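# Inside the fold
In case you want the letters, here they are:
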Amino acid sequence: MFGLFKSSTWSRCVKGSFTAFRRRCVSHSRRFIGENTEVVGEQSLTPELRLRLFTPSCRFWTERPELWPYEDPYWAIYWPGGQALSRSIMAENVLEKSWKMIPGKELAAVATHMNSELNGLQPPVCLTHNIMGSPPAAFHLILLGDMFYDQSLATSLHSWLNRCMETHGTKVLIGDPGRAQFEEHAIRRLLRPLAQFELPDSVREENYGLSCSGVWSYTPEL
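For clarity, every value in this text was computed on a predicted model and none was experimentally measured.

Turning our attention to the packing of aromatic side chains. Summed over all chains, the structure comprises nine aromatic pairs. Seen from their ring centres, Phe32 and Tyr70 are 5.1 Å apart, and the 65° between their planes marks the pair as edge-to-face. Linking Phe32 in helix α1 (residues 7-36) with Tyr70 in the loop between β2 (51-53) and α2 (80-92), this pair joins segments that are 38 residues apart in sequence. On the basis of an interplanar angle of 50° and a centroid distance of 6.0 Å, the ring pair of Phe54 and Trp75 is categorised as tilted. Here Trp75 lies in the loop between β2 and α2 and Phe54 lies in the loop between β2 and α2, a separation of 21 residues in the sequence. For the pair Phe54 and Trp75, a shared accessibility class is recorded, and that class is buried. One aromatic cluster is present, built from ring pairs that chain together Phe32, Phe54, Phe60, Trp68, Tyr70 and Trp75.

Quick look at the structure:
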């Protein structure tokens, strides 16, 4: 059967089909995350927060990597730099009501929403595309946790942060436990320490013995 549609009718049909498909994808992602993570949080720098994370009791903790159906599940680990940053901003209450998060992938965005719901928080607007190659947006504050684990990524971040600050006067806070890639990068000498936290024993064990995690303010004028 062949049919002709007005362009406006066709547009509504396509949009409706895409919306339904996306809703099914989100539903599947939520179910997958719920079945393959555990709600924890007590053994962290922010014990008042509950998060869906990978733990030794989760199936994919010991499952063969090739059986994991998505990209690397970095979103399911509460990394030490993010813990220090969370502890610091919760103490200082620096977040505004309206904010955006860049989790990187759609599954991570779904996990972000689920964790927000767990803690009775309004989920942030999540961006899943790489914005570092785009003109800098007018962000008032940028929070970066554990982002300096790769030399080339660190260099790209450094350049993008400079453009954000020069264009909009953006404030930048960075959380990191002192990984070699962070300590040896040129950006390190432009950071002013704001806070330092001793990591709980369980977090140390999961992060190869790293004992502390800190928060820095990016101040290029130094």
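Time to look at the layout of surface pockets. When its volume is computed, the second largest pocket comes out at roughly 470 Å³. Contributing to the lining of the second largest pocket are 23 residues, with Leu53, Phe54, Ile77, Tyr78 and Glu206 lying nearest its centre. The dominant element in the lining of the second largest pocket, judged by the number of residues it contributes, is helix α6 (residues 201-206), at three residues. Split into classes, the residues belonging to the lining of the second largest pocket amount to 13 nonpolar, seven polar and three charged.

Its place among the elements puts Met90 in helix α2. In this structure the C-alpha to C-alpha distance between Met90 and Thr46, which are 44 residues apart in sequence, comes to 8.8 Å. Residue contacts for Met90: discarding those within four places in its chain leaves Thr46, Glu48 and Leu49.

One can find Leu45 in the loop between β1 (38-40) and β2. What makes Leu45 buried here is its relative accessible area of 11%. Excluding anything up to four places from it in sequence, Leu45 contacts Gln83, Ala84, Arg87, Phe197, Glu198, Leu199 and Pro200.

With 83% of its residues at a pLDDT of 70 or more, the chain has an overall mean of 82. Here strand β3 (residues 100-101) stands out as the element of the chain with the lowest mean pLDDT, 53, in contrast to strand β8 (residues 212-218), whose mean of 96 is the highest. In the model, residues 1-11 has pLDDT below 50 throughout and makes two contacts with residues more than four positions away in sequence or in other chains.

This paragraph deals with helix α3 (residues 106-118). The end-to-end C-alpha distance of α3, which contains 13 residues, comes to 19 Å, matching closely the 18 Å that a straight helix rising 1.5 Å per residue would cover. Where burial is concerned, most of α3 is hidden: ten out of the 13 residues are buried. Among the residues of α3, Leu107, Ala108, Ala109, Val110, Ala111, Thr112, Met114, Asn115, Ser116 and Leu118 are the ones counted as buried. Where α3 ends, the next residue or the one after it, Gly120, has phi of about 65°, a positive value.

Criteria and cut-off values
- Residues numbered from 1 in each chain as written.
- Predicted model: local features only at pLDDT ≥ 70, side-chain atom pairs only at ≥ 80, totals over all residues.
- Heavy atoms only, no water.
- Phe/Tyr/Trp six-rings, centres within 6.5 Å; stacked < 30°, edge-to-face > 60°.
- Helix = DSSP H or I, 4+ residues; strand = E, 2+ residues; numbered from the N terminus.
- Buried < 20%, exposed > 50% of the residue type's maximum accessible area, 1.4 Å probe, protein only.
- 1 Å grid on protein atoms, 1.4 Å probe; cavity = no way out; pocket = protein on both sides within 12 Å on 5 of 7 lines; lining within 4 Å.
- Points joined across faces, edges and corners; volume = space filled by probe spheres on them.
- Nonpolar A, V, L, I, M, F, W, Y, C, P; charged D, E, K, R; others polar.
- Contact = heavy atoms within 4.5 Å.
- pLDDT = per-residue confidence, 0-100.
- Expected span 1.5 Å × (residues − 1).

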